[in-house]
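Next come the chains, spelled out residue by residue.
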Amino acid sequence: MPRTLTYREALREGLDEELERDENVVLMGEEVAQYNGAYKVTEGLWKKWGDKRIVDTPISEAGFIGMGVGASMLGVRPVMELMFWSFHSVAFDQLVNNAACVRYMSGGLIHCPIVVRGPANGGTNVGATHSHTPEGLFASFPGLKVCAPATPADAKGLIKAAIRDNDPVYVMENTLLYGNKGEVPDPEDGDHVVPLGRADIKREGSDISLIAHGRSVLHALAAAETLKEEHGINAEVLDLRSIRPLDVDAILATVRKTNRAVLVDESKPFGGVSAMVATLIQDHAFDDLDAPVKRVCTIDAPAIYSPLIENDQLPSPKRVVEKVLEIA
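Here's a quick rundown of the structure. (Residues numbered from 1 in each chain as written. Predicted model: local features only at pLDDT ≥ 70, side-chain atom pairs only at ≥ 80, totals over all residues. Heavy atoms only, no water.)

## Notes on the sheet that holds strand β12 (residues 242-244)
Formally: A pair of strands is labelled paired if DSSP reports no fewer than 2 bridges between them. Only runs of H or I of at least four residues qualify as helices and only runs of E of at least two qualify as strands under DSSP, and these elements are numbered from the N terminus. Axis definition: a line fit to C-alpha positions, over the contact stretch in the case of helices; interaxial angles, taken between N-to-C directions, run 0 to 180 degrees. In what follows, residue pairs with any heavy atoms lying within 4.5 Å of each other are defined as contacts.
Overall, mixed pairing links the seven strands, which are arranged β3-β2-β4-β5-β7-β6-β12 in an open sheet. One side of each edge strand has no neighbouring strand; the edge strands of this open sheet are β3 (54-56) and β12. Taking each pair of neighbouring strands and ignoring which way they run, the sheet shows an average axis angle of 20°. The pairing of strand β5 (residues 115-119) with strand β7 (residues 169-173) spans five bridges and is classified as parallel. In the strand pairing of β7, Arg117 is matched with Val171. Strand contacts of helix α1 (residues 7-21): β2 (25-29), β3, β4 (77-81), β5 and β7, with the helix running at about 135° to β2, the strand carrying the most contacts.

In structure tokens form, the structure reads like this:
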């Protein structure tokens, strides 16, 4: 039977199960051990698994991500926690030049089964340098896999799939989701793994497709309820879950079903995940569209520190509803 867990608890359970399953899995990052993690995702794991499996690192992303990349080339399966994905820039060489390219550059002889996870979002009023959403950036590099779970069940299933994958997988979480609750399958009912590259319809609909990932899925679901109650519009919500590989078949199927699409994406509008999705729809489902594809993204400026203004800067159910009504 499913149980109700928070997003944080579901991630922890997935990590714990993979530590149990494979002795090569290790967790590393700033304060992940004795302190139980900056966001308490790793709470209790150090006491259970000890210093060799749960390792605190210095405050040096370049150093410990580089260590993880090297360890993964030698058979370890490291899970690295970034306190913020915004700190990726100081480890860009390790994350992109090394992790993404080693399998190709070695002719397939060397794998790099590293997972890098942590918060990648705005909305917590921590300023421009702590609020980046780089999933589209990393998805643009061949050799990398990227996912962004929206629910506790998907958080657990995707982290387990990421750890088992032989390529680098970057898991983009959202601090505003950590306390959210949802049903998660019981381990006694089987191994809950969500395959990378498979989207999920979170709400069936017939009039328009709302395509989103991460916390934007919740905005899309809330907008869908408003559209139904106030405007009689039955919206379908597709959760991408995996950014790369991207479930192109699921995207095209929902657009061909409803003939309209609004893409909801916390990234900035220039480039980004929703820009790629829009291009795919244009290339492969143009004749199925009854209206232009629209996007709801974060307003194109550095993350604003003021809580009230940042809330307006980010996607919201209200903004999604307004965009749908432009083409409904």
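## Looking at helix α7 (residues 152-164)
As a reminder, the rule being used: Take the number of residues in a helix, subtract one, and multiply by 1.5 Å to get its expected span. Only protein chains enter the accessibility calculation, which uses a 1.4 Å probe; a residue is then buried when its area is under 20% of its type maximum, exposed when over 50%, and partly exposed in between.
With 13 residues, α7 extends 19 Å between its outermost C-alpha atoms, agreeing within 8% with the 18 Å of an ideal straight helix rising 1.5 Å per residue. Turning to α7, its buried residues number three or more, namely Pro152, Ala153, Asp154, Ala155, Lys156, Gly157, Leu158, Ile159, Lys160, Ala161, Ala162 and Ile163.

## Description of the sheet that holds strand β11 (residues 235-239)
The strand order β9-β11-β10-β13-β14 describes an open sheet built from five strands, whose pairing is mixed. With one partner strand each, in any of the chains shown, β9 (200-203) and β14 (294-296) form the two edges of the open sheet. Across the sheet, the axes of successive neighbouring strands diverge by a mean angle of 25°, strand direction being ignored. Judged from the five bridges that link them, strand β10 (residues 208-212) and β11 form a sheet pairing that is parallel.

## Some points on the environment of Leu240
Relative to the helices and strands, Leu240 resides in the loop between β11 and β12. Considered as a pair, Leu240 and Ile211 are 29 residues apart in the sequence and their alpha carbons are 7.1 Å apart. Not counting residues within four places of it along the chain, the set of residues in contact with Leu240 comprises Arg198, Ala199, Ile211, Ala212, His213, Leu246, Ile251, Val273 and Val277.

## As for the pattern of salt bridges
Stated formally: Any carboxyl oxygen of Asp or Glu within 4 Å of a side-chain nitrogen of Lys or Arg constitutes a salt bridge here.
Counted according to the given criterion, the structure contains 29 salt bridges. Glu18 serves as the salt-bridge partner of Lys160, at 2.7 Å between the closest nitrogen and oxygen. With Lys160 in helix α7 and Glu18 in helix α1, this pair connects stretches of sequence that are 142 residues apart. Just as Lys160 is buried, Glu18 falls in that class too. For Glu322, the salt bridge goes to Lys318, with nearest N and O atoms at 2.7 Å. Separated by four residues within a single helix, Glu322 and Lys318 lie in helix α12 (residues 317-327), roughly one turn from each other. In this structure Glu322 comes out as partly exposed when scored by relative accessible area, which is 39%. Within this structure, Arg3, Glu13, Glu17, Glu18, Arg21, Lys156, Lys160, Arg164, Asp186 and Asp191 form a network of salt bridges that share partners.

## So, the packing of aromatic side chains
Selection rule: Note on ring pairs: Phe, Tyr and Trp rings are taken, using the six-membered ring of Trp, and paired if centres are within 6.5 Å. Classes follow the plane angle, with under 30 degrees stacked, over 60 edge-to-face and the rest tilted.
One pass over the full model with this rule turns up nine aromatic pairs. With 5.9 Å between their ring centres and 65° between their planes, Tyr7 and Tyr178 make a pair best called edge-to-face. Of this pair, Tyr7 sits in helix α1 while Tyr178 sits in the loop between β7 and β8 (181-184), placing them 171 residues apart in sequence. The buried category is assigned to Tyr7, whose relative accessible area is 0%. For Tyr178, a relative accessible area of 1% translates into the label buried.

## Focus: the state of the cysteines
To keep it simple, the criterion reads: Here, a disulfide means two cysteine sulfur atoms that sit within 2.5 Å of each other.
In this structure the tally under the stated criterion is zero disulfides. Sulfur of Cys101: no disulfide; nearest cysteine sulfur belongs to Cys112 and is 10 Å away. Judged by its relative accessible area of 27%, Cys101 falls in the partly exposed class.

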